[in-house]
Amino acid sequence: MVILTKPGIDHFPIVKNCKSSSFFNGVPLIDLSKPDSKNLIVKACEEFGFFKVINHSVPMEFMTKLESEAIKFFSSPLSEKQKAGPADPFGYGNKKIGPNGDVGWVEYILLSTNSEFNYQKFASILGVNPETIRTAVNDYVSAVKKMACEILEMLAEGLNIHPRNVFSKLLMDEKSDSVFRLNHYPPCPEIQQFSDNNLIGFGEHTDPQIISVLRSNNTCGLQILLKNGHWISVPPDPNSFFINVGDSLQVMTNGRFKSVRHRVLANSVKSRLSMIYFGGPPLSEKIAPLASLMEGEESLYKEFTWFEYKKSAYKTRLADNRLVLFEKVAAS
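The rules behind the values
Residues numbered from 1 in each chain as written. Predicted model: local features only at pLDDT ≥ 70, side-chain atom pairs only at ≥ 80, totals over all residues. Heavy atoms only, no water. Salt bridge = Lys/Arg side-chain N within 4 Å of Asp/Glu carboxyl O. Buried < 20%, exposed > 50% of the residue type's maximum accessible area, 1.4 Å probe, protein only. pLDDT = per-residue confidence, 0-100. Contact = heavy atoms within 4.5 Å. Helix = DSSP H or I, 4+ residues; strand = E, 2+ residues; numbered from the N terminus. Polar contact = N/O pair within 3.5 Å; in protein donor to acceptor, adjacent residues only side chain to side chain. Phe/Tyr/Trp six-rings, centres within 6.5 Å; stacked < 30°, edge-to-face > 60°. Arc of directions from axis to C-beta. Axes fitted to C-alpha atoms, helices over the stretch in contact; angles between N-to-C directions. Left-handed = near helix turned anticlockwise from the far one by under 90°. Core = buried A, V, L, I, M, F, W, Y, C linked by side-chain atoms within 4.5 Å.

(A) Quick look at the pattern of salt bridges. Evaluated as defined, the whole model comprises 18 salt bridges. With a shortest N-O distance of 3.7 Å, Asp31 and Lys34 are connected by a salt bridge. The partner of Lys83 in a salt bridge is Glu80, with the nearest N and O atoms 3.1 Å apart. On the basis of relative accessible area, Lys83 is assigned to the partly exposed category, the value being 38%.

Below is the structure:
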């Protein structure tokens, strides 16, 4: 991948010769109402670390209500939105992603899913009601978390792991360190002058948690990296959800599942809005390959706590392979 910068777009990263117009039609499609879903989920996690789910349990009204509130917020003047920032790590952020120099054509709100999270950061923003946002986020996150746990339990069944809540109990734990993110990628008309290039909205990365649940509006931009090294564009679908395997799930399956590397390209004419639930374990939880999946194999990873991994990840750049520091070095 070649990263360029162009004057006039504030030196944001650009990917050269990226054809985002051709969609990949091979994304695994999981119908959660079908009895064979558990085996198809396992296969998708092994081959892609990524899949799409339909016939889910999340009410459409929760999705549209939250999208409406998000649009209302992101449509506010920058000076108003900045009252909800800076992201520390929670709150409003604009262009800057993380503490180590990564930038993208994106603005966002990062929220804790903890019920004690204080929404008063939004209280002084004109036209924005913090209680309405809180209710919309809580309704949506509760439904998505429930679906994520159902998927993780089907995954455990597909792997013949007992008990079936071995993964889901980490999200259900009252100390679960899960977060929720609303991303807004404004249109960037300037990019049209660079016909073979695409502006990076959110740079390539993997998610460090166990599982990520993504929903976006009908604007394209999401890409995933295949095993063959090719980036492919994922067709948007505002009625469905896309599931990412996270780094922690990769470790717990001893590398059988791979966390998917993904990125978002900005659009020249349409804005993209996405909402992502990142299901994480409690900070003190020890992350290591499950013994029931080892079958005499050697562990590929050192045991670590979620706090240790999170602390390590916070020191890295977005595109870094964060797990490499926790891999066991094979004896020569």
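Structure shown, so let's carry the discussion forward.
(B) Inspection of the confidence of the model for the protein chain at higher detail. When pLDDT is averaged along the protein chain, the result is 90, and 91% of the positions lie at 70 or above. For residues 1–8, every residue scores under 50 in pLDDT, and the model assigns this stretch 21 contacts once sequence neighbours within four places are set aside. Note that residues 17–21 has pLDDT below 50 and, in this model, 12 contacts with residues that lie over four places away or in other chains.

(C) Main features of unusual backbone geometry. Note the cis peptide between Gly85 and Pro86, where omega equals -5 degrees. By secondary structure assignment, the location of Pro86 is in the loop between α3 (78–81) and β5 (91–97). Following Asp88, the chain continues into Pro89 via a peptide bond in cis, with omega recorded as 0 degrees. Residue placement: Pro89 occurs in the loop between α3 and β5. Unusually for a residue other than glycine, Asn160 sits at a positive phi of about 60 degrees. As for its placement among the helices and strands, Asn160 is situated in the loop between α4 (130–158) and α5 (168–172). Taking the relative accessible area as the measure of exposure, Asn160 reaches 62% and is therefore exposed.

(D) Inspection of the side chain of Ser76 at higher detail. Of note, Ser76 is situated in the loop between α2 (60–74) and α3. Within polar-contact distance, the side chain of Ser76 engages the backbone oxygen of Lys72 at 3.2 Å.

(E) Fine view of the packing of aromatic side chains. Under the criterion given, the structure shown has 12 aromatic pairs. Their ring planes at 45 degrees and their centres at 6.4 Å tell us that Tyr140 and Phe241 sit as a pair that is tilted. Here Phe241 lies in strand β12 (residues 241–245) and Tyr140 lies in helix α4, a separation of 101 residues in the sequence. The exposure class assigned to Tyr140 is buried, which follows from its relative accessible area of 1%.

(F) Region of the structure containing helix α1 (residues 37–47). All of the buried residues in α1 are Ser37, Ile41, Val42, Ala44 and Cys45. Down the axis of α1, the buried side of the element spans an arc of 165 degrees, and every buried residue falls inside it. Looking at the buried side of α1, the elements it contacts are β3 (29–31), β4 (50–54), α4 and β12. In the stretch just after α1, Gly49 is the one whose phi turns positive, near 70 degrees.

(G) Just the packing of α2 against α4, in detail. Two elements in contact, α2 and α4, have axes separated by 9 Å at closest approach and are oriented at 145 degrees. Every pair of crossing elements has a handedness; the one defined by α2 and α4 is left-handed. On the side of α2, the interface is formed by Phe62, Met63, Lys65, Leu66 and Glu69, while α4 contributes Thr132, Ile133, Ala136, Val137, Asp139, Tyr140 and Ala143.

(H) Up close: the nonpolar core. Grouped together as the largest cluster of nonpolar side chains are 68 residues, with contacts concentrated most on Phe122, Phe167 and Phe180. Looking at which element gives the most residues to this core, the answer is α4, with 15 residues. In terms of nonpolar packing, the next biggest core, distinct from the first, is built from 21 residues, Phe50, Ile97, Leu214 and Leu318 among them.

(I) Structural detail: the side chain of Asp247. Mapped onto the fold, Asp247 is located in helix α6 (residues 247–252). Using a relative accessible area of 2% as the deciding quantity, one classes Asp247 as buried. A polar contact of 2.7 Å, which involves the side chain of Asp247, links it to the side chain of Tyr309. Excluding residues within four positions of it along the chain, Asp247 makes contact with Thr206, Asp207, Pro208, Gln209, Ser259, Tyr309, Arg322 and Leu323.

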